[in-house]
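What the coordinates show
Now for the letters of each chain:
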Amino acid sequence: MVSSVSTMRLMTAQIALQTIKGGSSESSSSSTTDHDYSSLPSQTRSALSVMLDKINAGKAESTDASGNTTASTDITTASFMALLRQNMTAAADAKGAGSQEAAMLAAFKKGQLTVTDPTKGVSIKAWDVTDPKEADVDQKKGTAIKTDDWNDFLRDHLQRDSHGRLVRSENGSFIEKGTGNEVYFGQVGTQNYYITWPVKTDTKPANGTGDKPATDKPASDAGASKPATDTTTDKSASKA
């Protein structure tokens, strides 16, 4: 699996240069950093730049150790939205009506689901990649937000009661301060995301919420940033 965007940039540049010169990437023993790419024709440099920008933006999907394609972690890409839709559909089918997953999927189908990644400083309205109108859309422009770590972001956005306990709706979702929107915080693929959608009815704490300690925290599966125990949410949040 490619370990970093920097490595991919170097490998792509090397292959492109050797192809132009008629050589083979396997026959070269020199380091990619030894090449002077300024000697390439301007049209070639432009094409290579576009290719590298796509990799950097997360539009180009990566592969795992088995060679399987993995979805982008960039929430502004169609690749991410395809994974989100797939996960929500499977989870809603498994949990059934009245579940958090079913509520998320219903909002998604109405175009009311918003995905936020404060660690990257971006938020975007989710879209359905299976919609014929979106067939040619690889990426959309997100809304820039304040870049923040998960600890501070969740502390500032999740609603608590007068005793400092996190408030949940009847389907188990967290509640967003100010808006009253329902919230899912947890994993989609390999990283954590903050997903919100509006509710049409008054939201009230779920049964038993009062028995939960104020230090409950939300799901943050392996490989994702874990919020501090004094500012976060319940571990029972399911995967989208």
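Bear in mind that the values here come from a model prediction, so they are computed numbers and not experimental data.

A tally of helices and strands in the protein yields five helices and eight strands. Taken from the N to the C terminus, the helices and strands of the protein come in the order α-α-β-β-α-α-β-β-β-α-β-β-β. Among the 240 residues that make up the protein, the fraction classed as buried is 38%. In the protein, 55% of the contacts between residues at least 6 apart in sequence involve partners at least 24 apart. Carbon and sulfur atoms provide 48% of the accessible area of the protein, an area that totals close to 13100 Å².

A separate point is helix 5 (residues 150-157). Turning to helix 5, its buried residues are Trp-150, Phe-153 and Leu-154. The buried residues of helix 5 occupy one face: seen down the axis, they fall within an arc of 90°. Next to the buried residues of helix 5 lie strand 3 (114-117), strand 7 (182-188) and strand 8 (191-197). Between a side-chain oxygen at the N-terminus of helix 5 and the backbone nitrogen of Asn-151 the separation is 3.2 Å; the capping residue is Asp-149.

Tallied over the entire structure, the rule returns six salt bridges. For Arg-85, the salt bridge is made with Asp-128, and the minimal N-O distance between the two is 2.9 Å. Taken as a pair, Arg-85 in helix 3 (residues 78-95) and Asp-128 in the loop between strand 4 (122-125) and strand 5 (143-144) lie far apart in primary sequence, 43 residues in all. What makes Asp-128 partly exposed here is its relative accessible area of 24%. Here Asp-156 makes a salt bridge to Arg-155, at a shortest N to O gap of 3.5 Å. A relative accessible area of 41% means that Arg-155 is categorised as partly exposed. Salt bridges sharing common partners tie together Asp-152, Arg-155 and Asp-156.

To continue, consider the environment of Ser-169. When you line up the elements, Ser-169 lands in the loop between helix 5 and strand 6 (174-175). Spatially, the C-alpha atoms of Ser-169 and Gln-100 are 9.1 Å apart, while their sequence positions differ by 69 residues. A polar side-chain atom of Ser-169 sits 2.8 Å from a polar atom in the side chain of Asn-171. One polar contact links Ser-169 to Glu-182, side chain to side chain, over a distance of 2.7 Å.

Quick look at the nonpolar core now. Counting residues in each nonpolar core, the largest one holds 23 residues, and the members touching the most others are Phe-80, Met-81, Leu-84, Leu-113, Val-115 and Ile-195. Beyond its immediate chain neighbours, meaning those up to four positions away, Phe-80 contacts Ser-72, Asp-74, Ile-75, Val-115, Val-188 and Tyr-193. Counting nine residues, the second largest nonpolar core, distinct from the first, contains Trp-150, Leu-154, Leu-158 and Phe-185.

It is worth spelling out the sheet that holds strand 7 at this point. Spatial ordering of the open sheet is given by 5-4-3-8-7-6, a layout of six strands whose pairing is antiparallel. Single-partner strands in this sheet number two, and they are strand 5 and strand 6. Two strands pair when backbone bridges link them, and strand 3 and strand 4 are joined in this way by four bridges, in the antiparallel orientation. Residue Thr-114 lies in a different strand from strand 4, and its bridge partner there is Lys-125. Where helix 5 meets the sheet, it contacts strand 3, strand 6, strand 7 and strand 8, and its direction lies at approximately 15° from that of strand 8.

This part is about helix 3. With 18 residues, helix 3 ought to run about 26 Å at 1.5 Å a step, and its terminal C-alpha atoms sit 25 Å apart, in line with that. Where helix 3 is concerned, the buried positions are Ala-78, Ser-79, Phe-80, Met-81, Leu-83, Leu-84, Asn-87, Met-88, Ala-91 and Ala-92. The secondary structure elements touched by the buried residues of helix 3 are helix 4 (100-109), strand 3, strand 4, strand 7 and strand 8. Of the residues flanking the end of helix 3, it is Gly-96, one or two places downstream, whose phi is positive at about 85°.

Rules of the game
Residues numbered from 1 in each chain as written. Predicted model: local features only at pLDDT ≥ 70, side-chain atom pairs only at ≥ 80, totals over all residues. Heavy atoms only, no water. Helix = DSSP H or I, 4+ residues; strand = E, 2+ residues; numbered from the N terminus. Buried < 20%, exposed > 50% of the residue type's maximum accessible area, 1.4 Å probe, protein only. Contact = heavy atoms within 4.5 Å. Areas by Shrake-Rupley, 256 points an atom, 1.4 Å probe, with all protein chains shown as cover. Arc of directions from axis to C-beta. Polar contact = N/O pair within 3.5 Å; in protein donor to acceptor, adjacent residues only side chain to side chain. Salt bridge = Lys/Arg side-chain N within 4 Å of Asp/Glu carboxyl O. Core = buried A, V, L, I, M, F, W, Y, C linked by side-chain atoms within 4.5 Å. Pairing = 2+ DSSP bridges. Axes fitted to C-alpha atoms, helices over the stretch in contact; angles between N-to-C directions. Expected span 1.5 Å × (residues − 1).

Take it as geometry only, folks, not as evidence of what the structure does.
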